[in-house]
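Tertiary structure, described
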Amino acid sequence: MHFAENIKLLRKRKKRSQEDVSVALDLSRTTLSGYENGTAEPSFSTLLKFSEYFKVSVDKLLKTDLTKLTESALSTLEKGFDIDVSGKSLRVLATTVSKDNEENIEMVPVKAKAGYTTGFADPDYIKVLQTFNLPFLDRNRKYRSFQISGDSMPPVSNGSWVTGEYVQNWNHVKDGYPYIVVTKDDGIVFKVLYNRMKENNSFMLCSTNPEYSPYEVAISEIIEIWKFSNYISSELPEPNISKDRLTNTVMNLQRELAEIKSVIRNSPEQLQLPI
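What you see is a predicted model; the values in this text were computed from it and never measured. (Residues numbered from 1 in each chain as written. Predicted model: local features only at pLDDT ≥ 70, side-chain atom pairs only at ≥ 80, totals over all residues. Heavy atoms only, no water.)

**Examining the overall build of the protein chain**
Short version of the rule: The secondary structure listing takes helices from DSSP runs of H or I that are at least 4 residues long and strands from runs of E that are at least 2 residues long, numbered from the N terminus. Per-residue accessibility, obtained with a 1.4 Å probe over protein chains only, is compared with the maximum for each type, and a residue is labelled buried under 20%, exposed over 50%, and partly exposed between these values. The contact rule is simple, with two residues in contact once any of their heavy atoms fall within 4.5 Å. Using the Shrake-Rupley algorithm and a 1.4 Å probe, accessible areas are obtained, with residue cover drawn only from the displayed protein chains.
The helix and strand inventory of the protein chain stands at 10 helices and 9 strands. When the 275 residues of the protein chain are sorted by exposure, 43% land in the buried category. Sequence separation of 24 or more characterises 61% of the internal contacts of the protein chain that already satisfy a separation of 6 or more. With the model as given, the accessible surface of the protein chain reaches about 16,500 Å², and the carbon-plus-sulfur share is 51%.

Put into structure tokens, the structure is as follows:
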């Protein structure tokens, strides 16, 4: 592992003292010194803190000797443009299993959304979430359910529970499809995604409610992506008025046509025109 020399290098490149970094990461200076000297090893949650602070993936912090990278490569890395979107590198996902050793679907209520952005990789945080199972979902895939707030994604209403399938490889995100996106700044959002990684390392997030404008989120700001699977709501979706009216119009026309056919069949003389 190259963790010790890497965090020392990144700290010096940021021109931060050990005191600065220890305060920012809520660590003691002695603990940070132990990490940099290689006499202490960080927990998963602490690794994530370093990753977010330096904007470098956990995998890079552990496995890559950053001291051997070129200045250009280091600069690109520090700008957050070296995120592993394929999911081949280490990406921590804490989870729980049932008594039958099957994956649970953890429930993240609105009141827990703020804490999820920091506790998503902490097994102690995840295990206190309520869980359930849906027998019709693929048991070989990981699902999680998030309670949605707001009115930006009709017909999914405020307070609905949206269940998503964990996306390991972000290259598989389909344009125009709904996803739950966990971000560092905006928390948990439910949006329709458009892949902009090739153009500017980002995703375009759109709402189904036209009153909300689309916006972009850099991949360096994204923690997790979950593909929409289904949702549970206590409210019925509002009817599509235009579709209902069209259906009624067609039914009325069919009824009138049946009446005309009946008249023709029973009284053909009524159709004789005067000369």
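**Brief notes about the nonpolar core**
Stated formally: In this description, a nonpolar core means a group of buried Ala, Val, Leu, Ile, Met, Phe, Trp, Tyr and Cys residues linked to one another through side-chain atoms lying within 4.5 Å.
Counting 45 residues, the largest nonpolar core has F3, I7, F50, Y116 and F190 as its most contacted members. Top element by residues in this core is helix 4 (residues 44–54). It accounts for 5 residues. Core analysis: the second largest hydrophobic core is formed by 14 residues, Y179, L193, M197 and V217 among them.

**Some remarks on the sheet that holds strand 8 (residues 215–218)**
Rules: Only strands joined by at least two bridges in the DSSP assignment are considered to pair.
Reading across the sheet, the 9 strands line up as 2-1-3-4-9-5-6-7-8 and stay open at both edges, with mixed pairing between neighbours. At either end of the open sheet lies a strand with only one pairing partner, and these are strand 2 (131–132) and strand 8. Pairing of strand 4 (residues 161–166) with strand 9 (residues 222–232) involves 6 bridges; the strand directions are antiparallel. Considered in strand 9, the bridge of T163 is made with N230.

**Remarks on unusual backbone geometry**
Of note, the amide linkage connecting P154 to P155 takes the cis form, showing an omega dihedral of 10°. Even without being glycine, K15 reaches a positive phi, approximately 60°. Within the fold, K15 resides in the loop between helix 1 (3–13) and helix 2 (18–24). Positioned with a positive phi, N201 is a non-glycine residue whose angle comes to about 55°. Tracing the backbone shows N201 in the loop between helix 9 (197–200) and strand 7 (202–206).

**Here's the deal with the packing of aromatic side chains**
Here is the rule we go by: By convention, a stacked pair of Phe, Tyr or Trp rings (six-membered ring in the case of Trp) has centres within 6.5 Å and planes under 30 degrees apart, an edge-to-face pair has planes over 60 apart, and any other such pair is tilted. Consider the ring centre and the ring normal. A charge sits over the ring if Lys NZ or Arg CZ is within 6 Å of that centre and within 35 degrees of that normal.
Here the structure, examined in full by the defined rule, presents 13 aromatic pairs. Measuring from centroid to centroid gives 5.5 Å for Y116 and F146, while their planes differ by 90°, and the two rings are edge-to-face. Taken as a pair, Y116 in helix 7 (residues 113–119) and F146 in strand 3 (residues 143–147) lie far apart in primary sequence, 30 residues in all. Per residue, the accessibility class of Y116 equals that of F146, and both read buried. A connected cluster of aromatic rings, assembled from ring pairs, spans Y116, F120, Y125, F146, Y166 and W226. The ring of Y53 has K14 lying over it, and the distance from NZ or CZ to the ring centre is 5.5 Å. Its guanidinium or amino end placed over the ring of Y212, K191 lies 5.6 Å from that ring's centre, counting from NZ or CZ.

As far as function goes, none of this settles anything; it's purely spatial.
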